[in-house]
Each structure stands twice: as C-alpha cells, then as structure tokens.
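Next come the chains, spelled out residue by residue.
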Amino acid sequence: MHDGATDTAKQIDGEALRVAMAHSLRYAIGKDPVTATLSDWRLALTRAVRDLVVDPWFAATRRAYAEKRKRVYYLSMEFLIGRLLEDAIHNLGLEAAAREAVAAHGVDYAALVDDEPDAALGNGGLGRLAACFLDSMSTVGVAAHGYGIRYEHGLFRQRFDQGWQGEEPEDWLRQRHAWEFERSEVAYPIGFGGEVSPGEGDGALWTPSDTVLAAAYDTPIPGWRGRWTNTLRLWDAQPVREFDLEPFNRGDYMAAAAPSVFAETISRVLYPDDTTPQGKELRLKQEYFFTAASLADILRRHRAMGLEPRSLAAHAAIQLNDTHPAIAGPELVRLLVDDHGLDFDEAFDVASATLNYTNHTLMPEALERWSTDLMGHALPRHMQIIERIDTRHARETKRPDSVRIVDNGEVRMGDLAFISAHRVNGVSALHTDLMKQTVFAELHALHPEKIVNQTNGVTPRRWLYGCNAGMRRLLTETLGSEEWAADLDRIAALAPLAEDAAFRERFQAIKTDNKRACAAWLEREHGVSVDPTAMFDIQIKRIHEYKRQLMNALETAALYNAIKADPSAEFAPRVKIFGGKAAPGYAMAKLIIKLINDIAATINADPAMKGRLAVAYPANYNVSMAEILIPAADLSEQISTAGKEASGTGNMKFAMNGALTVGTLDGANVEIRDAVGEENIFIFGQTAAEVLATRANGYAPQSFIDADPRLAQVVEQIEAGFFSGGDGERFRAVTENLRGHDWFQVCADFTSYYDRQRVVDDAWAKPEEWTRKAVLNAAGMGVFSSDRTIRGYAAEVWGVTPAC
Ligand code: GLG
C-alpha cells in the first residue's frame, strides 16, 4: 500500500479544471455560459472530471491484459450507486481544484453537487453492497466488471399524503446521464420462448419466438486516487427492429410499434420489493436478459484473448449477487454446448468452476422459485438443461430424492445457484452458520467445502471520507495522511485517543456540527424543527416487519407516556428519526409507516415534549439522505428479530461515524460487538436460538403484553385511536397481529428493548463517557471496510491477486 496522492490520476489544479469546465460546457453540453443553468454547470464539471478518469481507466484495462489477470464479473440485478460526481472527485483527490473551478464560474459548489439525481437502481442493502463492492474492487485493484440493468426508472419516489406512503415514478434518466459511454457497437440478441429441436450430441437448436437486443452502456468506476479503474456495464433493452413494416404500411401504427414496446418494457423499471419476489414473467425476463447479455460478453472477451471456452474458469470468476442471475448456470451450459460444441458434463464442469453465489437472506419466502410452466414457456431450452443438471446432481450425490432443483412443479433458484457454484457465501458469520443449519443444510452435507463466509463491508470513501468532512479532517490530521481512506485498519490508532479529553472534545464538536447541519436540512427540506443538542436516534432502512420499526415506534410512544406521567423524570432528550420506503404492495409495512407518522404528529404537537422528545420521518429516504443522516447520528437502531437480518450494512456506516448501536445479536451486529467491545454497544433481546425456542414453545404475544404495562398501554392507545384522531379502526391489522401472532416477536423483545433504551439514557447523561465509547466504535471499524471484504472474496472465492 502506498502513501501520497500522485498515482495514475492526472493531477490538475483549479485553473486547469476551470478551463476544462468551460470547454465542456461549450462543446459537450452545447451551452453558452450566459444562459447556463445549474444543471448545465454540473454536467460540464461531470464531463471535465470524466475526462480525467479515462486515462487511468485505459491504463488499468491495458494492465489487466498485459498481466493476463483473471477477471471478476459481478452480476447484480441492482446497483444502488447514488450520486457519482462527488465520489469521483474525492477518489481522484480533486476536491480543492473542483471547488476553485466552480467558484470561478460563479456557481455554488454545494448546490451543484446537490443537483445530481441519485441513481437509485436498487432497493436496499443488496444493491448498495454491489455499489460498495464496485468502489472497493477498483480501490484494491481487482480487474472487474459490474453487470446489471440500465433501468429507465429506478426505485420509486416516496411522498407522504397525511402520513400515508404514496409512490411516484422515478426518472433519473430524464436528464442525460453524464457519466456513461454508450456502446452502440456492443449489442447482443437475447431470445425468449419458441421451440427447441434436437441437435448434434448433447446440443440442441433453440429457435426463440421473440428477440430483443441488449445494448451496453459503460460507466467508469475509479478507485482511490485512480490507481485502478473498472467498468460498470449496464444493459438497455432495445427492439431488434423498431418497426414492423407491414402493419406500418397498412396504417396500423400501434401494431407496427409493438416490437419496440415489448423490448423496452424489459429495462423499464426496477421491481420495488426486496424480499418477496413476485413470480412475474417480466421479472424472469429481466433476469435472463441481463444474465445472458453478460455471459455473451464474458465469452466474447475470453475468445478475443485467443482462449478456449474450456479454460474459462482459469481466467474468469463470476459472482451471482443473490439468486437473481442464477439462470447463469443453465445459460452458460447452453452457450458451451449448443454454440461451442462441448458435451454436457464438460460444460457443466466449466460453469460450476466459474460461478459463485452469494446468499443474502434465509427467509424462505425470499428464495426465488419459478413455476416449471413459466420457465418452460419463457426459456424452453433452459428448462431442459435445468432438469439435466438436477438429474446429474442426484446421480452423483446418490441422493435422488432429498434435494431436487425441480420440485413440486417449481424450479428452486437457490438450489440451482448452489449446485451450479464453485463457492457459496453468506454475508456475516451468524448468517453463514444459519445457512449451513437451515436452508442449505442438506446441500451443505453433500458439499461441505462450498459454503464460506464473507462478512459484508462498506466503502469508507463514501461512508466516511465523503459524507463526513469534519471526521475526514480529524482523521487525516491524526493519522498523518489521507491513506486511511484506502486502508481503514489505520483507524485503530484512534483507540488510545479515546482517553484523551482534548481529542474527545474535537471528536464531539464534529458530531455537533453534523447534527446542526442535519437539523437545518430537516427544517429546510422537510419542515420539521428539532433540537440539535438532543440525542439523534436514527433508524433508516427498508420498512419491513422483521426489521421491527414497529417496536421502535411502540417504544417511542411508551417513552412519551412515561414523560407525560412524570414530567420530572430524567430521560435523555431525543430526536427519533425514521427513514425508509415500503414495497408498494406490502400493506402491513405501509400501515406501520402511517402509524409512525401518527405517533410523530401527536408527540410533535404536544408542547410538553418540547426539548424532550421529537419524531422526524423525512420522506423519500435514499443514498443521499443517508449521507446526511449517518454522520449526524448518536444512536443507531439495529433491532431486527435475531436470525432474520443476514448482515446489515447501515449498522457499519453508523458505527464508523461514531454512533453507538442499540441492537440485537443479529447479522453483523455480532461482529460489531466483537470489534468495539461489549461495553461500548447496547445489546438487548433474544438470540437467534432463543427466538426459535420461543416459537417452538408456542409463542403467545398476549402474555408479554400482559406482563408489561408500558406495552399494554400503548397497544390500547392505538386501539382507542389515541394517535389517530379517535380512529380506532385504522391500525386494527397491526394490533390484532401484535396480540395474536407477532411472527417477528416484537412483544417478546419489547421489555428488554425499552429497558436497554433507559440504559442508553443513563449513558447519554455522561457525555465524556459517551464520546469515549463513540471514539472506540469508530476505532473498531477497520474490519468493516468493503476493501477487506473484497480481499476476502479475492483470496477465498475468486482466486485473484489484487493489483494495489
Ligand atoms: C440483504 C439483507 C441484508 C444484507 C444485504 C447485503 O437483508 O441483511 O446486509 O442484503 O448483503 N436484501 C438485503 O438487503
């Protein structure tokens, strides 16, 4: 690892960048400075910065070829990349120059950066992980391509109508996407449906009934200081021909445009549900579309290097991000057998030596299954190959009945991915253990070498260096250079400084500044005013029952009751902040959003709560909002039912920025506790094993409600319409569920959670001690850099040696 900021990135000063910006504005954007809008200036700066990325990008590509580097292909249905301009500026060390250049044009830098739309091509953790991995693969120098879909509409925009979630389409591509390079010369035909007739040997001839084109768009992803740069290639679905001439000539213009409507639908919109896949034909087509295009591209590149298809695994490792691209197994076999003449067994050996699969959830409803009818209809040749893979596996493992990919008229994509993969990984130590014991128990017994753990991480460039300028300066000064951003283990040097009062004071001052900025933003953009000296207690993530935003809301209401009952009682002043979207079809999650907003309205309207308790739920949580909230957090809520959150990654971002965690022993929380020390984290609730035992012993949530009057009171208030203008019906589904089923055991953990929050209050009352813990949290976060994660995949999954 090196120090210093020269490297491959071209150094450029403010004056040179000013000139480059002026040139781009004129000749790339076609605007006169006299009439240029903020967006025009942003596009001009983006183009100028992109120009600086191109040379290091070519250099990395040439080096990958020259050194015959094995390539990594990361196939993901989602890349939640957010904004790119500032990230690139930071990675390339251009911030001072960019600020100077923008100011010289009389434009406000913060406003310019803020003008960029978020690229929201993902739902939540899974998609954001893919984005962090892109950044880390470029930073550590893994020669890689990300492959995904260039959705025209990313995740919907959320608004609140009287506290109810409403959805609006997102249209980030309405403006030109200034980072990408359109590669109209790279386009592959992708077939669907049709007929299969026998071919030679194991081969077959598939004649699809419909075909679309997958057209490539490339975005360069520069790593730290441009030492390495990779490519994110997103596929856009286009018609093979725009028009059917025959109906057009007849004057039937709608029918004439039909092929283009079908094709464009495929990359039109991101499915907005992250845990319950809909068995919709369009979804299957999206999955096949981008997987097939990516594999065609991978094989083309392999052949272009003069290599035989048989040798693919020696030169390429393909990572399947969840089961979404699991059709890669059968598709690769199809290409090798039908197009390249390998026999089936040989082809499957190549495929299963090249592919790897990451599992992100144990919830059975989240593992994809496709009906054999749908699969056989949409992808008839693949259905044949899937059956053959299934039969071969059953024969080889001599277990014909226990594990079948095709079962009960369904194709089980988790099992298909497992069997087609060289390595299968979980995303935290606990999750990987549970994978072995539950969903993949039988397959694990048959293939004990396959499952490995790779605990998630997050990129410290975006989630510390980029979003927390105060901490960046403090760390750089304390650690002697900016290199901590690419070597986060160095942050461990903060640990002894936790005992230094002067250091603590500076650390705390940064947090206070961030909270002030966050409060100003809440006021300006969302019309809520909060006290920046109160504890900022934040839960931001998708709204899901297992993540238990409901438990947080109930605790908030119980705290409100307690303050009302005894105004002199000492509770820490708190601002509870929620952020997150519910899948549009997930009724219970949407009801929970409304409940949070109703509780918020009641509390915020009560003058007795002034300076004591406030609730904010800013609408439309996204990556850019996270970049404002996380640096301002004192307390991070990671309160899922143990055994349900595979890893979590928000938990890491918060701790890195000096927030303390209140959380269950779930996912990566367990490893965070190990890293920061038990006394510096607030753990509560049942363990994963206890959750299972509670359920096995006939869980009766009502008995927990009866046992805790604080919980009972809140549930009764909700039933009486206390928070909802007397409407006792509104939340009936919530309270009936709490009393009757409560699958995620909110009631079982409530008491432990409430009591732990009071321990948090006590800790808040000792500010020096709190800050000491906060410093120790940040100091323990080296291991949660996604650079560490990527080095782990490189060594244990892909068999590649990073270049940097
Ligand atoms: C999943 C899991 C998270 C995990 C993330 C990335 O639910 O616990 O951190 O993937 O591995 N659907 C998700 O976001």
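By the naming in an unreviewed UniProt entry, the protein goes by Alpha-1,4 glucan phosphorylase and is assigned to Rubrimonas cliftonensis. Recorded in UniProt for the protein, the comment headed Cofactor (unreviewed entry) runs: "pyridoxal 5'-phosphate". Within the UniProt record for the protein, the comment given under Catalytic activity (unreviewed entry) is "[(1->4)-alpha-D-glucosyl](n) + phosphate = [(1->4)-alpha-D-glucosyl](n-1) + alpha-D-glucose 1-phosphate".

Chemist: Which parts of the structure should I look at to understand the pairing of strand E22 (residues 635–638)?
Modeler: The side chains of a regular strand alternate between both faces of the sheet. Residue alternation in E22 divides its side chains into two sets, Leu635 and Glu637 and Ser636 and Gln638, and both sets are buried. With two bridges connecting them, strand E19 (residues 535–540) and E22 associate as parallel partners. Bridge pairing in E22 links isoleucine 538 to serine 636. Note that E22 and strand E23 (residues 660–663) share four bridges and pair parallel. The residue of E23 that forms the bridge with glutamate 637 is valine 662. Crossover E22 to E23 through helix H24 (residues 650–656) is right-handed.

Chemist: Hey, could you run me through the packing of helix H28 (residues 709–719) against helix H29 (residues 732–740) in this one?
Modeler: Close contact between H28 and H29 brings their axes to 9 Å; oriented N to C, the two are set at 145°. Where H28 crosses over H29, the two elements pack in a sense that is left-handed. Contacts from Val715, Ile718 and Glu719 of H28 reach H29 at Val734, Thr735 and Leu738.

Chemist: Quick question: what am I supposed to make of unusual backbone geometry here?
Modeler: Of all residues except glycine, most have a negative phi; of all peptide bonds, most are trans. Phi is positive for glutamine 162, close to 50°, though the residue is something other than glycine. Within the fold, glutamine 162 resides in the loop between strand E5 (157–161) and strand E6 (164–168). Owing to 9 C-beta atoms within 10 Å, glutamine 162 belongs among the exposed residues under this scheme.

Chemist: Sorry if this is basic, but what is going on with the pairing of strand E13 (residues 355–358) here?
Modeler: Here E13 shows two buried faces, one formed by Leu355 and Tyr357 and the other by Asn356 and Thr358. Both strand E12 (residues 316–321) and E13 contribute to a ladder of four bridges, which runs parallel. From the neighbouring strand, glutamine 319 faces E13, where its bridge partner is asparagine 356. Sheet topology places E13 next to strand E17 (residues 423–426); three bridges connect them, and they run parallel. What sits directly across from asparagine 356, in E17, is arginine 423.

Chemist: How should I be thinking about the confidence of the model for the protein in this particular structure?
Modeler: Detailed reading of the predicted coordinates is not advisable wherever pLDDT is low. With 99% of its residues at a pLDDT of at least 70, the protein reaches an overall mean of 96. Mean pLDDT per element in the protein: helix H7 (residues 245–250) is the minimum at 84, and E22 is the maximum at 99. Scored below 50 in pLDDT, residues 1–6 makes seven contacts in the model with residues more than four places away or belonging to other chains. Model confidence for the complex: the whole-complex pTM is 0.97, and ipTM, which rates the interface, is 0.98.

Chemist: Help me out: how do you make sense of helix H9 (residues 281–304) in this one?
Modeler: Along an α-helix, a turn takes 3.6 residues, which lines up residues three or four apart on a common side. With 24 residues, H9 extends 34 Å from end C-alpha to end C-alpha; this agrees with the ideal 34 Å at 1.5 Å per step. One or two positions beyond H9, positive phi appears at glycine 306, with a value near 75°.

Chemist: Looking at this model, I keep getting lost on the UniProt feature "modified residue: N6-(pyridoxal phosphate)lysine" (unreviewed entry) in the protein. Mind explaining?
Modeler: According to UniProt, the feature "modified residue: N6-(pyridoxal phosphate)lysine" (unreviewed entry) maps to Lys653 in the numbering used here. With respect to the element layout, lysine 653 can be found in helix H24. Among residues more than four places away in sequence, those in contact with lysine 653 are Val458, Trp463 and Ile630.

Chemist: Please explain the sheet that holds strand E7 (residues 181–192) as it appears in this structure.
Modeler: Whenever strands of a sheet pair, they do so through backbone hydrogen bonds, lying parallel or antiparallel. Taking strand neighbours across the sheet as the criterion, the nine strands line up as E7-E10-E11-E4-E1-E12-E13-E17-E18 in an open arrangement whose pairing is mixed. Looking at strand neighbours, the two that pair on one side only are E7 and strand E18 (451–453), the edges of this open sheet. When the angles between neighbouring strand axes are averaged without regard to direction, this sheet yields 25°. The strands touched by helix H8 (residues 253–266) within the sheet are strand E10 (210–222) and strand E11 (229–239), with E11 carrying the most contacts at an inclination of about 150°.

Chemist: Just to check I follow, could you spell out the domain arrangement of the protein for this structure?
Modeler: Accessible area lost upon the coming together of the parts serves often as the stated size of an interface. Assigned domains of the protein: these are domain 1 (275–454) and domain 2 (460–697 + 742–783). Computed over C-alpha atoms only, the centres of domain 1 and domain 2 are separated by 38 Å. Listed as interface residues are twelve residues of domain 1 and, on the opposing side, ten residues of domain 2. Take the side of domain 1 that touches domain 2: its biggest share by element is four residues, from helix H16 (residues 429–437).

Chemist: Honestly, the sheet that holds strand E14 (residues 369–371) in this entry has me stumped. Any pointers?
Modeler: As summarised here, the arrangement of the three strands in space is E14-E16-E15, forming an open sheet in which the pairing is antiparallel. The strands lining the two open edges of the sheet, one partner per strand, are E14 and strand E15 (406–407).

Chemist: Would you mind going over the site of the ligand with me for this structure?
Modeler: Around the ligand sit 15 residues in total, of which Gly125, His360, Val427, Ala646 and Ser647 are the nearest. Tallied by class, the residues present in the shell around the ligand amount to four nonpolar, nine polar and two charged.

Chemist: Got a minute to help me understand the nonpolar core in this structure?
Modeler: Soluble, globular proteins show a tendency: their nonpolar side chains are buried together. If you look at the biggest cluster of nonpolar residues, it comprises 236 residues, and the most contacted ones within it are Leu45, Val72, Phe289 and Leu629. No other element matches helix H2 (residues 38–66), which puts ten residues into this core. When we break this core down by domain, the ones giving at least three residues each are domain 1 (275–454) and domain 2 (460–697 + 742–783). Apart from the residues within four sequence positions on either side, leucine 629 is in contact with Cys518, Ile538, Ile540, Ile577 and Gly579.

Chemist: I keep staring at helix H22 (residues 587–605) and nothing clicks. Help me out?
Modeler: The terminal C-alpha atoms of H22 lie 27 Å apart, and with 19 residues this matches the ideal 27 Å at 1.5 Å per residue to within 8%. For H22, the full list of buried residues reads Ala589, Leu591, Ile592, Ile593, Lys594, Leu595, Ile596, Asn597, Asp598, Ile599, Ala600 and Ile603. Packing partners of the buried residues in H22 comprise E5, E6, helix H21 (549–565), strand E20 (574–579), strand E21 (613–616) and H29.

Chemist: Explain the packing of H21 against helix H30 (residues 746–764) here, please?
Modeler: In helix packing, the relevant descriptors are the interaxial angle and the interaxial distance, both defined with respect to the helix axes. Their axes nearest at 10 Å, the elements H21 and H30 cross at an angle of 50°. In terms of axis orientation, H21 runs oblique to H30. Crossing hand, H21 versus H30: right-handed. Every residue of H30 that contacts H21 at Leu550, Met551, Leu554, Glu555 and Ala558 is listed here: Val746, Asp749, Phe750, Tyr753, Tyr754 and Gln757. Classifying every residue of the contact of H21 with H30 gives eight nonpolar, one polar and two charged.

Procedures and definitions
- Residues numbered from 1 in each chain as written.
- Predicted model: local features only at pLDDT ≥ 70, side-chain atom pairs only at ≥ 80, totals over all residues.
- UniProt positions renumbered as here; feature names shortened; annotations may be inferred.
- Buried ≥ 20, exposed ≤ 12 C-beta atoms within 10 Å, placed from the backbone.
- Helix = DSSP H or I, 4+ residues; strand = E, 2+ residues; numbered from the N terminus.
- Pairing = 2+ DSSP bridges.
- Right-handed = clockwise from strand over helix to strand, strands pointing away.
- Axes fitted to C-alpha atoms, helices over the stretch in contact; angles between N-to-C directions.
- Left-handed = near helix turned anticlockwise from the far one by under 90°.
- Contact = placed C-beta atoms within 7 Å.
- pLDDT = per-residue confidence, 0-100.
- Expected span 1.5 Å × (residues − 1).
- Domains from an automatic or database assignment.
- Near = placed C-beta within 6 Å.
- Nonpolar A, V, L, I, M, F, W, Y, C, P; charged D, E, K, R; others polar.
- Core = buried A, V, L, I, M, F, W, Y, C linked by C-beta atoms within 7 Å.
- Parallel < 35°, antiparallel > 145°, perpendicular 65-115°, else oblique.

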